[in-house]
Amino acid sequence: KWRGTVLQMVLVPVLASMSLTVTTDILAHAFSEADWSLFGVPPAEDALISQLRGLATLWEYQLTLTIFVLTFFTQQAYAHYRSVYFCARAIQGRINDVCLLLAVGATRGEVEGATSTYSDDGAALVTLCARLIRLCHTFFWATTPTTSDGVGDGGLVDGDGPTDLEPSERVQAGPELLSPQGLRSLVAAGQLTANERTALLKTGLPPSQYWCVLLEWVGQYALEGVDHAALRDSPGFEERLLRELTQIRAEMFSIGDFQAGRMPLAYVQLVQVLVDSLVIIAPVALYAKLGALSIPLCGLLTLFFKGLLELSKSFLDPFGNEGFPGQNIRVDVLVSELNFGAQSRWSAAGAVLPERDRDGPRPLDTVLEYCSAWPDDPGCEADAVAATGDG
């Protein structure tokens, strides 16, 4: 794999560093009074080489400082990336919790045979709240600048196709989705009602706050469902549901907080200057001790130090807006995963509730029911004979 690797990030600096070392070798042979073999070590008594050895001592001091600072910088950058990632996953988890609570708390209808289903009011409430909270999640990520919105993703400058576009040429899908025209398209797609679209526009809030409106609607409809017996009335249930909704709000606000306070710019600039100066001085500083062998060594040093720096900066940009697209958190995947869970997993799981059997599962019932569901299983006939005792 090439795309998204450290080598892809720093290939140009590595080649530039090795080229600078080659130039140093040529100039040293040209201006030095002594002669040495192509891969030999330059003589220490030569005037030019002795001056370069003094620079090597200074470079070693900077090497120690750079290792310490860059190691700490990388740790902090990766901690930021993990915080944003797990916060995004926590948003998914809390929304799934809300959908689970609604499915569990919805009132049940009449028993049909050996199973029961939602009541009419309960089914309508579960469907309504699941749809609104899915849209809330989508609208939230639509307000977050990202390079992986799932629309025109082939236009990323990631080297995976001929349709790559420059970042300035890409159109963000989020603002388009939240515009009046985008809301009208959602109405046409059956994801939003005309009344809901009108209500969103009448709030007077900017489109970036539409997700807040939808989140509050979910809470209001849920409490209304308790009052109208669409949800079971329980103080513990209401408290837990409201707690999950406020937790969703807190996690969503945390994404913006992480982005705003990721790292002071002066600190990033200092590390950048420290690493760049170390890599630039390395070809001259190491030549006095290694000669031509410093050519591959400088390439490796550039790969490691510049690679760690660029990787750290990509960690500070988890959504790929400023760094490398190959390192970003895929928002389109987060949305599609949540859409499946909120729309079908919990509502479908709670739609059918089997009647409790006081005796528990019985082998005969289990075998016969399995074979009736899977008649093509070659082991069914033998199992059924063994369960019934018919020989």
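Residues numbered from 1 in each chain as written. Predicted model: local features only at pLDDT ≥ 70, side-chain atom pairs only at ≥ 80, totals over all residues. Heavy atoms only, no water.

A. Representation of the overall build of the protein chain within the structure. On a plain count of helices and strands, the protein chain comes out with 13 helices and 3 strands. In the protein chain, buried positions account for 41% of the 391 residues. Within the protein chain, contacts between residues separated by at least 24 positions form 73% of all contacts whose residues are at least 6 apart in sequence. (Helix = DSSP H or I, 4+ residues; strand = E, 2+ residues; numbered from the N terminus. Buried < 20%, exposed > 50% of the residue type's maximum accessible area, 1.4 Å probe, protein only. Contact = heavy atoms within 4.5 Å.)

B. Here's a closer look at the packing of helix 5 (residues 180-188) against helix 6 (residues 194-202). Their axes nearest at 9 Å, the elements helix 5 and helix 6 cross at an angle of 160°. Comparing their axes, helix 6 and helix 5 come out roughly antiparallel. Seen from above, helix 5 lies across helix 6 with right-handed handedness. Residues Pro180, Leu183, Arg184 and Val187 of helix 5 touch helix 6, and the partners they reach there are Ala194, Arg197, Leu200 and Leu201. When its residues are assigned to classes, the contact of helix 5 with helix 6 shows 6 nonpolar, no polar and 2 charged. (Axes fitted to C-alpha atoms, helices over the stretch in contact; angles between N-to-C directions. Parallel < 35°, antiparallel > 145°, perpendicular 65-115°, else oblique. Left-handed = near helix turned anticlockwise from the far one by under 90°. Nonpolar A, V, L, I, M, F, W, Y, C, P; charged D, E, K, R; others polar.)

C. Spotlight on the side chain of Asn328. The topology assignment puts Asn328 in the loop between helix 10 (294-315) and helix 11 (331-351). Other than its neighbours up to four places away in sequence, Asn328 contacts Thr147, Ser148, Pro318, Phe319 and Gly320.

D. Looking closely at the nonpolar core. Residues Phe139, Trp141 and Leu200 are the most contacted members of the largest nonpolar core, which totals 81 residues. Sort the elements by how many residues they give to this core and helix 2 (residues 47-105) lands first, with 18 residues. In this structure, Phe139 is in contact with Leu177, Leu178, Leu183, Leu186, Leu200, Tyr210, Trp211 and Leu214, ignoring residues within four places of it in sequence. Counting 6 residues, the second largest nonpolar core, distinct from the first, contains Trp36, Leu52, Tyr287 and Ala288. (Core = buried A, V, L, I, M, F, W, Y, C linked by side-chain atoms within 4.5 Å.)

E. Region of the structure containing a nonpolar patch on the surface. A contiguous nonpolar patch, built from Leu7, Leu11 and Leu15 and spanning about 240 Å² of accessible area, is present on the exposed surface. The topology assignment puts Leu15 in helix 1 (residues 6-31). (Patch = residues over 30% accessible without salt bridge, like charges linked within 9 Å, V, L, I, M, F, W, Y side chains within 5 Å. Areas by Shrake-Rupley, 256 points an atom, 1.4 Å probe, with all protein chains shown as cover. Salt bridge = Lys/Arg side-chain N within 4 Å of Asp/Glu carboxyl O.)

F. The environment of Leu177, seen in detail. With respect to the helices and strands, Leu177 occurs in helix 4 (residues 173-178). The exposure class assigned to Leu177 is partly exposed, which follows from its relative accessible area of 23%. Here the alpha-carbon distance between Leu177 and Thr143, two residues 34 residues apart in the chain, equals 9.5 Å.

G. Region of the structure containing the pattern of salt bridges. On inspection of all chains with the given rule, the structure shows 10 salt bridges. Where Glu244 meets Arg240, a salt bridge forms, and the shortest distance between an N and an O atom there is 2.9 Å. Here Glu244 and its partner Arg240 are both found in helix 8 (residues 235-260), 4 residues apart, which amounts to about one turn of the helix. Assessed through its relative accessible area of 35%, Arg240 is described here as partly exposed. Lys306 is paired through a salt bridge with Asp276; the nearest N and O atoms lie 2.9 Å apart.

H. Expanded view of the packing of aromatic side chains. Considering all chains together, one arrives at 9 aromatic pairs under this definition. Ring centres of Tyr85 and Phe86 lie 5.4 Å apart, and the angle between their planes is 75°; this geometry places the pair in the edge-to-face category. Taking relative accessible area as the criterion, Phe86 reaches 45% and is therefore assigned partly exposed. An angle of 80° between the planes, with centres 5.4 Å apart, marks the rings of Phe140 and Trp211 as edge-to-face. On the criterion of sequence distance, the pair formed by Phe140 in helix 3 (residues 120-142) and Trp211 in helix 7 (residues 210-227) is long-range, its members being 71 residues apart. Across the pair, exposure class does not vary: Phe140 and Trp211 are buried alike. (Phe/Tyr/Trp six-rings, centres within 6.5 Å; stacked < 30°, edge-to-face > 60°.)

I. The arrangement of helix 9 (residues 265-290) in detail. Taking 1.5 Å per residue as the helical rise, helix 9 with its 26 residues ought to reach 38 Å, and the 37 Å between its terminal C-alpha atoms agrees with that figure. Largest kink in helix 9: about 45°, centred on Ala282, with the proline Pro283 one to four residues after it. After helix 9 finishes, the residue Gly291 shows a positive phi value of roughly 65°. (Expected span 1.5 Å × (residues − 1). Bend = angle between axes of the 7 residues up to and from the residue.)

J. Just the packing of helix 2 against helix 8, in detail. Two elements in contact, helix 2 and helix 8, have axes separated by 9 Å at closest approach and are oriented at 160°. As far as their axial angle goes, helix 8 and helix 2 are roughly antiparallel. For the crossing formed where helix 2 meets helix 8, the hand is left-handed. Counted by class, the contact of helix 2 with helix 8 contains 16 nonpolar, 6 polar and 5 charged residues.

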